[in-house]
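This is what each chain is made of:
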Amino acid sequence: MVQTAKVEKLKEGFKGEVILPKDGAYDEARKIWNAMIDKRPAIIARCANTQDVVRAVNFARDHSLLLAVRGGGHNIAGNALCDDGIVVDLSAMKSAKVDAARRRVVIEGGAKLGDLDAATQAHGLATPVGINSTTGLAGLTLGGGFGWLSRKYGLTVDNLESAELVTADGEVVRASAADHPDLFWALRGGGGNFGVVTRFEFQLHRVGPNVLSGLIVYPIAQAKSVLQQYRDFTAKASEELSVWTVLRLAPPLPFLPQDVHGKAVLILALLYAGDSKRGEAEIAPLRKFGKPVGEAVGVQPYTAWQQAFDPLLTPGARNYWKSHNFTALKDGLFDVAVKHVANLPTPQCEIFFGALGGAASRPAPDATAYPHRDAQYVMNFHGRWESADDDERCVAWSREFFNASAPFASGGAYVNFLTADETDRTAAAYGSNYKRLAEVKKKYDPANLFRVNQNIKP
Ligand SMILES: Cc1cc2nc3c(=O)[nH]c(=O)nc-3n(C[C@H](O)[C@H](O)[C@H](O)COP(=O)(O)OP(=O)(O)OC[C@H]3O[C@@H](n4cnc5c(N)ncnc54)[C@H](O)[C@@H]3O)c2cc1C
């Protein structure tokens, strides 16, 4: 337990909030996206600026406290929190400054994807991030980051120009291609292992503000044939076009006939990052993979599409995920997926295939710490439910699907999708870059202060 006198010392000059277990705000402050995580930190240091972060890091190190860093709090493994130690909480630090002429944004380390999109889209600009606006930018970026724009503009890390971070010795350091290049390399896929990032600077691209995007829905009976055609189609698609698939029970979406609601379906979700007329021509075949039961595709604000999945992925549910990377999709995998969607343990569970390739696959595996440039598809199965009584069967479903689909996977793993019990996959997540990452870790954090993450041992 941390002594009161010491906490008072932390509070001196601290501009943000120091939240303790006795405070009314404590229970809300220790909630994160995945309700499976129920950790009780001794101190939550909700920082207001970089100097608060320096103060909190120094405090943790000097008092040998376990330290966790919270960005958006979306990490499925619950690494935004720790038991007993201190949480350096950046959730109040989310301001953004866009330089439209130079196509750059500088944004603070607690921002969510929605904060970034809102700031950049005000200038008709964007950088590739994930598909759920409430995800934290920091955790997503530090693990790699991909979404609808990645085939055209690369991973989030491919667009990172520089980062300001507070290292284990409390120094404020700027990392870029010119300054601390080893650290800059490691930040682009090495997770939160090297310090607390207080500011990111990204390169921006002209996107929208309106983009062709939406959903085409097929009944599950046609799923295998649709998936086969999807595979052939995406192999030849332009880099402007991203099409992902979701297998799940149909939500009660207004464009779907009522008798489809609650039935297993395959959803093609797409975005075209270019001229909408050209996009319309390119997506036409997607409607002819079979007989769709409904569609909602149109030109809409990019920011609206970036929030389209938010209602399915609200915070507060219990979640257990499993994921695989694939260099190619095999028919056998489709059989496994269709079989498992027939016995989803709850209506909120779903199987997702994200399509990468294009600019996301061009850099060499050692160009950034994120190594999986060969991954053309990332499959993530979201085990998701409400009651703790369902934990066992929902976790079992995810694990069973994971094992059944493993023979078709590349063996690589996306660090941002790993659950708390997957420490045996950490090496696979950093892949061929692990050794170099360990050297950078040894240089910047030899005592492993930053270890509540998918940890790289110094
Ligand atoms: C609903 C949902 C949708 C998702 N969709 C996508 C997607 O489309 N694409 C994709 O690539 N990923 C996606 N993800 C995965 C996402 O990238 C990870 O969950 C990521 O860890 C979230 O970052 P965060 O800041 O919200 O997490 P947190 O839980 O706050 O942190 C995650 C990790 O990063 C560290 N960290 C956080 N902030 C900082 C910081 N400022 N400095 C240093 N370390 C820090 C933490 O210590 C922790 O180890 C999704 C996740 C969810 C829950």
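Everything in this summary refers to the structure shown in the same document.

### Observations regarding the site of the ligand
- Lining the immediate surroundings of the ligand are 34 residues, of which G71, G73, F146, V197 and Y414 lie closest.
- G71 is positioned such that a nitrogen or oxygen atom in its backbone is 2.7 Å from an oxygen atom of the ligand.
- Here an oxygen atom of the ligand and a side-chain polar atom of Y414 are 2.6 Å apart.
- Protein chains bury 97% of the 950 Å² of accessible surface belonging to the ligand in isolation.
- The biggest single contributor to the shell around the ligand is helix 5 (residues 137–143), with 4 residues.
- A class-by-class count of the residues in the shell around the ligand yields 16 nonpolar, 17 polar and 1 charged.

### A closer look at the pairing of strand 10 (residues 196–203)
- For strand 10, the tally of buried residues reaches 6 of 8 residues, placing the bulk of the element in the interior.
- Note that strand 6 (residues 104–108) and strand 10 share 5 bridges and pair antiparallel. Looking at the pairing, V105 lines up with F202 of strand 10.
- Of the pairings in the sheet, the one linking strand 8 (residues 160–166) to strand 10 comprises 6 bridges and is antiparallel in character. For A163, the partnering residue across the bridge sits in strand 10 and is F200.

### Overview of the packing of helix 8 (residues 223–236) against helix 11 (residues 331–341)
- For the pair helix 8 and helix 11, the least separation of the axes is 10 Å and the interaxial angle reads 140°. Overall, the two elements helix 8 and helix 11 adopt an arrangement that is oblique. Considering how the two elements wind past one another, helix 8 and helix 11 form a crossing that is right-handed. Contacts from A223, K224, L227, Q228 and R231 in helix 8 reach D331, F334, D335 and V338 in helix 11.

### With respect to the pattern of salt bridges
- One pass over the full model with this rule turns up 32 salt bridges.
- Measuring nitrogen to oxygen at the nearest pair gives 2.7 Å for the salt bridge that ties K443 to D182. Here the residue K443 occupies a position in helix 14 (residues 434–444), and D182 occupies one in helix 7 (residues 181–187), the gap between them amounting to 261 residues.
- Exposure remark for K443: the relative accessible area of 55% places this residue in the exposed category.
- The closest approach of N and O atoms between R248 and E350, which form a salt bridge, is 2.7 Å.

### What about the packing of aromatic side chains?
- The final tally for this structure, using the stated rule, is 20 aromatic pairs.
- Note on F200 and F202: the rings are 5.8 Å apart at their centroids and 15° apart in plane angle, and the pair reads as stacked.
- For F200, a relative accessible area of 1% corresponds to the buried category.
- Taking relative accessible area as the criterion, F202 reaches 0% and is therefore assigned buried.
- The structure contains a cluster of three or more aromatic residues connected by ring pairs, namely W33, F146, W148, W244, W305, F309, W321, F352, Y370, Y414 and F417.
- The ring of F402 carries the charged tip of K322 above its face, separated from the ring centre by 4.5 Å.

### A look at the environment of E108
- If you trace the backbone, E108 turns up in strand 6.
- The buried category is assigned to E108, whose relative accessible area is 11%.
- Put simply, E108 and S95 are 13 residues apart on the chain and 5.6 Å apart in space, counted from C-alpha to C-alpha.
- Those residues within four positions of E108 in sequence are excluded, and the remaining contacts are M93, K94, S95, T198 and R199.
- Looking at E108, its side chain comes within polar contact range of the main-chain nitrogen of K94, at 3.2 Å.

Here is what the cut-offs are and how they apply
- Residues numbered from 1 in each chain as written.
- Predicted model: local features only at pLDDT ≥ 70, side-chain atom pairs only at ≥ 80, totals over all residues.
- Heavy atoms only, no water.
- Near = heavy atom within 4 Å.
- Polar contact = N/O pair within 3.5 Å; in protein donor to acceptor, adjacent residues only side chain to side chain.
- Areas by Shrake-Rupley, 256 points an atom, 1.4 Å probe, with all protein chains shown as cover.
- Helix = DSSP H or I, 4+ residues; strand = E, 2+ residues; numbered from the N terminus.
- Nonpolar A, V, L, I, M, F, W, Y, C, P; charged D, E, K, R; others polar.
- Buried < 20%, exposed > 50% of the residue type's maximum accessible area, 1.4 Å probe, protein only.
- Pairing = 2+ DSSP bridges.
- Axes fitted to C-alpha atoms, helices over the stretch in contact; angles between N-to-C directions.
- Parallel < 35°, antiparallel > 145°, perpendicular 65-115°, else oblique.
- Left-handed = near helix turned anticlockwise from the far one by under 90°.
- Contact = heavy atoms within 4.5 Å.
- Salt bridge = Lys/Arg side-chain N within 4 Å of Asp/Glu carboxyl O.
- Phe/Tyr/Trp six-rings, centres within 6.5 Å; stacked < 30°, edge-to-face > 60°.
- Lys NZ or Arg CZ within 6 Å of the ring centre and 35° of its normal.

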